[in-house]
Amino acid sequence: LDQAVAGACFAAFLAAGQTCVSAKRIFVARSIYDEFASRLAKRADALRVGDPFAPETEVGPLVSAKALAAARRFVDESGAEILAGGSEPCAERGYFFRPTVLAGSVDLPCFREECFAPVVCIAPFDDEADAIAKANASAYALGAAV
């Protein structure tokens, strides 16, 4: 489970979540969902946000003020439970947004739209058919991986 959490964290928050292949939706087997969600949120909260030139920084800034406003709006309007992040670090100057983990139903906008920011949405699934249905519950051809 630790390897899955580490991989999900890397996929979601690399380049502050601003790549077209960043993980945005993670579906987790219901039997391990609570533990996975807890570990992912804890790991996201521990990531160091800051100056991308500082060696200790793990998550840098967003590309612009517009991108920061979009990330704020996405999270504020998500309707999801915020497990981690969801805000700007108060000590940083610039377009920084904390790595954010959202949880909820695939009916929420955060599961159907992309946010080019360090924001990932997680939801449980019951079986393979349920996972496929949830993954396909978007009008967009969002990237996917297993």
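The structure we're discussing is the one just above.
We now turn to the structure provided with this report. These numbers were taken from a predicted model, which means no experiment stands behind them.

Although it is not a glycine, Ala 15 sits at a positive phi angle of roughly 55°. Of the residues examined, Ala 15 reaches a relative accessible area of 43% and is grouped as partly exposed. With phi around 55°, Ala 16 is a residue other than glycine that occupies positive phi space. Relative to the elements of secondary structure, Ala 16 occurs in the loop between helix 1 (2–13) and strand 1 (25–29). Taking relative accessible area as the criterion, Ala 16 reaches 3% and is therefore assigned buried.

Turning to the pattern of salt bridges, a few remarks are in order. A complete count under the given rule lists five salt bridges for this structure. The partner of Asp 2 in a salt bridge is Arg 39, with the nearest N and O atoms 2.7 Å apart. Taken together, the residues Asp 2 in helix 1 and Arg 39 in helix 2 (residues 30–46) connect sequence positions 37 residues apart. For Asp 2, a relative accessible area of 53% gives the class exposed. With its nearest N and O atoms 2.5 Å apart, the salt bridge here joins Asp 126 to Arg 30. Residue Asp 126 is found in the loop between strand 4 (119–125) and helix 4 (128–135), and its partner Arg 30 is found in helix 2; the two are separated by 96 residues along the sequence. Accessibility expressed as a relative area gives 44% for Arg 30, which makes it partly exposed.

Turning to the packing of helix 1 against helix 2, a few remarks are in order. For any two helices packed against each other, the geometry is given by the interaxial angle and the distance between the axes. At a closest axis distance of 10 Å, the pairing of helix 1 and helix 2 adopts a crossing angle of 50°. The orientation of helix 1 with respect to helix 2, classified from their angle, is oblique. Taken as a pair, helix 1 and helix 2 cross one another with a handedness that is right-handed. Where helix 1 approaches helix 2, its residues Asp 2, Ala 4, Val 5, Ala 6, Ala 8, Cys 9 and Phe 13 are matched on the opposing element by Phe 36, Arg 39, Leu 40, Arg 43 and Ala 44.

Now for helix 4. In an α-helix, one turn spans 3.6 residues; hence positions three or four apart end up facing the same way. Here helix 4 has its buried residues at Asp 130, Ala 131 and Lys 134. Buried residues in helix 4, looked at end-on, bunch into an arc of 100°, giving them a common side. Across helix 4 from its buried face, at more than 90 degrees, point the exposed residues Glu 128 and Ala 129. Lining the buried residues of helix 4 we find strand 1, helix 2 and strand 4. Where helix 4 begins, one side-chain oxygen reaches toward the backbone nitrogen of Ala 129, 3.3 Å away; that side chain belongs to Asp 127.

Let us look at the sheet that holds strand 4. One open sheet holds the four strands; their spatial order is 1-4-3-2, and the pairing between them is mixed. With partners counted over all chains shown, the strands left at the sheet margins are strand 1 and strand 2 (81–84), one partner each. The sheet shows a mean angle of 35° between the axes of neighbouring strands, direction not considered. Sheet topology note: the strand 3 (residues 100–103)/strand 4 ladder contains four bridges and is parallel. Paired with Ala 103 across the strands is Ile 122, a residue of strand 4. Packing of helix 3 (residues 65–76) onto the sheet brings it into contact with strand 2, strand 3 and strand 4, and relative to strand 3 it is tilted by some 25°.

What counts as what
Residues numbered from 1 in each chain as written. Predicted model: local features only at pLDDT ≥ 70, side-chain atom pairs only at ≥ 80, totals over all residues. Heavy atoms only, no water. Buried < 20%, exposed > 50% of the residue type's maximum accessible area, 1.4 Å probe, protein only. Helix = DSSP H or I, 4+ residues; strand = E, 2+ residues; numbered from the N terminus. Salt bridge = Lys/Arg side-chain N within 4 Å of Asp/Glu carboxyl O. Axes fitted to C-alpha atoms, helices over the stretch in contact; angles between N-to-C directions. Parallel < 35°, antiparallel > 145°, perpendicular 65-115°, else oblique. Left-handed = near helix turned anticlockwise from the far one by under 90°. Contact = heavy atoms within 4.5 Å. Arc of directions from axis to C-beta. Polar contact = N/O pair within 3.5 Å; in protein donor to acceptor, adjacent residues only side chain to side chain. Pairing = 2+ DSSP bridges.

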